[in-house]
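Analysis of the macromolecular model
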Amino acid sequence: MQAILDEIVATIGASDERGHVADYIPQLACVDPKQFAITVAMADGRVFSAGHSDQLFSIQSISKVFTLTIALGKLGGAVWSRVGREPSGDPFNSIVQLEHEQGKPRNPFINAGAIAIVDAILMGHQPKETLGEILQFVRFIADDDSISIDEKVALSELSTGDRNASLAHFMASFGRMENPVDCVLGTYFHHCSIAMNTHQLAKAGLFLVDNGRNPVTGIRVVSTERARRINSLMLMCGHYDGSGEFAFRVGLPGKSGVGGGILAVAPGKASIAVWSPGLDEVGNSKLGTEALEKLVQHTGWSIFG
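Residues numbered from 1 in each chain as written. Predicted model: local features only at pLDDT ≥ 70, side-chain atom pairs only at ≥ 80, totals over all residues. Heavy atoms only, no water.

1. Details of the overall build of the chain
- A count of helices and strands for the chain gives 13 helices and eight strands.
- For 305 residues, the compact-globule estimate of 2.2 N^0.38 gives 19 Å, and the C-alpha radius of gyration of the chain, at 18 Å, lies within 12% of that figure.
- By its C-alpha atoms, the chain is 55 × 40 × 35 Å across when sized along the principal axes.
- Taking all 305 residues of the chain together, the buried fraction comes to 56%.
- Intrachain contacts of the chain at a sequence separation of at least 6 include 69% that bridge at least 24 residues.
- When the accessible surface of the chain is summed, it comes to about 12200 Å², and 50% of that surface belongs to carbon and sulfur atoms. (Helix = DSSP H or I, 4+ residues; strand = E, 2+ residues; numbered from the N terminus. Rg over C-alpha atoms; globule rule 2.2 N^0.38 Å. Buried < 20%, exposed > 50% of the residue type's maximum accessible area, 1.4 Å probe, protein only. Contact = heavy atoms within 4.5 Å. Areas by Shrake-Rupley, 256 points an atom, 1.4 Å probe, with all protein chains shown as cover.)

Following this line, the structure appears as structure tokens:
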């Protein structure tokens, strides 16, 4: 495995065609696009890394996997009255679909859907309390208490978050928000600003490798059925309107973020985190996707055989 990762870094990680960083968020525009990292956390406890695997980055929309997990724990199936389970086929920050569907987001991984999930888990509490709960959960599943929120990124998102504010107010106009919009948005921007490295992120995904149980610690995080459903949503919706292409090329459940990270799950095998800040035209890590495609070619881990 180490030889495979070293080869990926030496070839794909050295590519000149790296995509473009998410410069519409000022703090992310400052990230060096030449950085590249990959970590594979195996179900047997071994962890392999290559590249800049110790470098912290903003996980952005990857955090939506964790907030969805929390929401399912709090509300169970009632979550689906607030957000759908279908691929969007539109950009992650599109407002068009909300108009047609009376303010109900298509899935929990587009921006509107993740905002609806935050509204669901706030339950009248202050944003700081809910953020503390989210951060505590991420630290727990990653087994790392050093994980924190990058306040500079959060403030950068707050200052440029007009589109997300529009989505939230639009949903509120349909009566689909139970908490003040500003509280929801503040919580959303901050959980997207959680900073992790690929080592931490790969370990955080381990509970989705073994049917909801961390295979290393033996601790059950969610039920088998819930883990399966989270993985299915990651496969169908985890890369916005590039989800079909990712499934075709990589064949693993995965969730991307505009910080350049991707968390992918090979059920029964491993949790994989890759980071390359440059994005493709639909907002997914360009080299990250190529690296995962290469990894699956080497390992045969695609869920499609």
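Here the narrative resumes.
2. Description of the sheet that holds strand β8 (residues 270-275)
- In space, the five strands of this open sheet follow the order β2-β1-β8-β7-β6, with antiparallel pairing throughout. At either margin of the open sheet sits one strand with a lone partner, and together these are β2 (47-51) and β6 (254-256). Each neighbouring strand pair of the sheet contributes to a mean axis angle of 10°, computed without reference to strand direction.
- Inspection of the sheet shows β6 paired to strand β7 (residues 261-266) by three bridges, in the antiparallel sense. (Pairing = 2+ DSSP bridges. Axes fitted to C-alpha atoms, helices over the stretch in contact; angles between N-to-C directions.)

3. Quick notes on the packing of helix α7 (residues 151-159) against helix α9 (residues 181-192)
- It is the contact of α7 with α9, at a shortest axis distance of 8 Å, that shows an interaxial angle of 135°. Classified by the angle their axes make, α7 and α9 are oblique. Two packed elements cross with a definite hand, and for α7 against α9 that hand is right-handed. Taken together, the residues of α9 that come into contact with α7 (itself represented by E151, A154, E157 and L158) are G186, F189, H190 and C192.
- Tallied by class, the residues present in the contact of α7 with α9 amount to four nonpolar, two polar and two charged. (Parallel < 35°, antiparallel > 145°, perpendicular 65-115°, else oblique. Left-handed = near helix turned anticlockwise from the far one by under 90°. Nonpolar A, V, L, I, M, F, W, Y, C, P; charged D, E, K, R; others polar.)

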